[in-house]
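Descriptive analysis of the structure
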Amino acid sequence: MKKGLLVLIFLFGLNQAQSQVLISLIFGDKLNSPFLEFGLEGGVNFSDIYDMESSGSNPGFNLGFYFDIRSKQDPAWMINTGVIVKSPMGARHIPMYSLDNTNLDNTFAGGTVNREIRYFNVPILIKHQFKSGVFVKAGPQVGLLARAFDEFKVEVDKDDVVYKKNIRDQIRVIDAGVAFGTGYHMNVGNGLNITVQYYYGLVPVMKGDGPNVYNRSLYLTAGIPIGKGKAAQRRAEKEAELNKPILPEDEDSKPKN
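What you see is a predicted model, and the numbers here were worked out from it, not measured in a lab. (Residues numbered from 1 in each chain as written. Predicted model: local features only at pLDDT ≥ 70, side-chain atom pairs only at ≥ 80, totals over all residues. Heavy atoms only, no water.)

Moving on, we get to the pattern of salt bridges. Taken as a whole and judged by the stated rule, the model has three salt bridges. For D150, the salt bridge goes to R115, with nearest N and O atoms at 2.7 Å. A residue pair is termed long-range when its members are at least 10 positions apart, and D150 in strand β6 (residues 134–156) and R115 in strand β5 (residues 112–129) qualify at 35 residues. What makes R115 buried here is its relative accessible area of 6%. Measuring nitrogen to oxygen at the nearest pair gives 2.6 Å for the salt bridge that ties R118 to E116. The class of R118 is partly exposed, set by a relative accessible area of 26%. By relative accessible area, which is 16% here, E116 ends up buried. (Salt bridge = Lys/Arg side-chain N within 4 Å of Asp/Glu carboxyl O. Helix = DSSP H or I, 4+ residues; strand = E, 2+ residues; numbered from the N terminus. Buried < 20%, exposed > 50% of the residue type's maximum accessible area, 1.4 Å probe, protein only.)

Moving on, we get to the pairing of strand β8 (residues 174–185). As defined by bridge partners, β6 adjoins β8 across 11 bridges and the pair is classed as antiparallel. Note on β8: the bridge partner recorded for V142 is A176. Sheet topology places β8 next to strand β9 (residues 193–201); nine bridges connect them, and they run antiparallel. Within the sheet, the bridge partner assigned to F180 lies in β9 and is Y198. (Pairing = 2+ DSSP bridges.)

Moving on, we get to the nonpolar core. Across soluble globular proteins, nonpolar side chains have a tendency to be buried as a group. Among the nonpolar cores identified, the biggest contains 24 residues, and I117, Y119, I171 and V205 are the most heavily contacted of them. Broken down by secondary-structure element, the contributors of at least two residues to this core are β4 (88–94), β5 and β6. Those residues in contact with I117 that sit more than four places away from it in its chain are I49, S87, P88, M89, G90, L145, R147, A148, I171 and V205. (Core = buried A, V, L, I, M, F, W, Y, C linked by side-chain atoms within 4.5 Å. Contact = heavy atoms within 4.5 Å.)

A few words on the packing of aromatic side chains. Scanning the model with the defined rule gives eight aromatic pairs in all. A centroid spacing of 6.0 Å and a plane angle of 85° characterise the contact between F65 and F67, whose relative ring orientation is edge-to-face. The exposure class of F65 is buried, given its relative accessible area of 6%. Exposure remark for F67: the relative accessible area of 11% places this residue in the buried category. When the ring of F180 is compared with that of Y198, the centres are 5.9 Å apart and the planes differ by 50°; the resulting orientation is tilted. Of the two residues, F180 sits in strand β8 while Y198 sits in strand β9, which places them 18 residues apart along the sequence. Classification of F180 as partly exposed rests on a relative accessible area of 41%. Joined through ring pairs, the aromatic side chains of Y97, F108, F152 and Y163 make up one cluster. Its end group placed over the ring of F35, K72 keeps NZ or CZ at 5.9 Å from the ring centre. (Phe/Tyr/Trp six-rings, centres within 6.5 Å; stacked < 30°, edge-to-face > 60°. Lys NZ or Arg CZ within 6 Å of the ring centre and 35° of its normal.)

Taken together, the side chains of I69, W77, I79, I124 and I126 present a nonpolar region at the surface, about 450 Å² in accessible area. For the nonpolar patch, the secondary structure elements donating two or more residues are β3 (77–86) and β5. If you trace the backbone, I126 turns up in strand β5. Assessed through its relative accessible area of 47%, I126 is described here as partly exposed. (Patch = residues over 30% accessible without salt bridge, like charges linked within 9 Å, V, L, I, M, F, W, Y side chains within 5 Å. Areas by Shrake-Rupley, 256 points an atom, 1.4 Å probe, with all protein chains shown as cover.)

Among the structural elements, N62 can be located in strand β2 (residues 56–70). With a relative accessible area of 6%, N62 lands in the buried category. A distance of 3.3 Å separates polar atoms of two side chains, one belonging to N62 and the other to N45. (Polar contact = N/O pair within 3.5 Å; in protein donor to acceptor, adjacent residues only side chain to side chain.)

Turning to the pairing of strand β10 (residues 214–225), a few remarks are in order. Pairing of strand β1 (residues 36–50) with β10 involves 12 bridges; the strand directions are antiparallel. When the sheet's bridge partners are listed, G39 is paired in β10 with P225. Bridge count between β9 and β10: eight bridges; the pairing is antiparallel. Each bridged residue has a counterpart across the sheet, and for Y198 the counterpart in β10 is L218.

A word on the confidence of the model for the chain. Per-residue confidence for the chain gives a mean pLDDT of 83, with 74% of residues at or over 70. For residues 1–26, every residue scores under 50 in pLDDT, and the model assigns this stretch 36 contacts once sequence neighbours within four places are set aside. (pLDDT = per-residue confidence, 0-100.)

Okay, structure coming up:
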């Protein structure tokens, strides 16, 4: 049953983040157990493409779902994984280049170019949580390319003129690197997680024989378990039912000969 729900959530999450949120709210309590915590996670991230000429990081919003799979031998150790469904990377103000169109080149002369690359990212991290609630985590992260475009922008008569060029065929489909971070698990409600995490890409972003450039991204996120309280209540009710004492049969209720 749980495997089927995981597959369903993953497939819908790849299509659109809204589906992920809806299914998480519906089935969240089915995915929580004493050794498995499921929840939604989102926040802001600031990305750059290392070794590419640019003038600043690319800010964006990220959204995904996570799983903390705890060790039965030592619950302080766990595997932290999931899917960051919405996770823009890229860089701001990269060098202007020709669009091979005289009208477009003339229009955007003196403008700016921002590069945005969107992935479905899957971190697989080893996480350790201390008794204080502070945790640290590190491990590999793999990304599957979704979209990539360069956004040309220029101001004309106080209005922004924007043109997006699809560059997906110039970007490698798979990105991979290491992620590491720290955070705090709050003892409020069912436990809000506040995390600072950094991704260090190790696979060149661009195809071809040009200079190798790599993704870098700083994440500031908040995660909240979905259905954890309901799942705990259901387990408590089931345990109480199993431990309910069996009362002797009332003499007056016995059938009489």
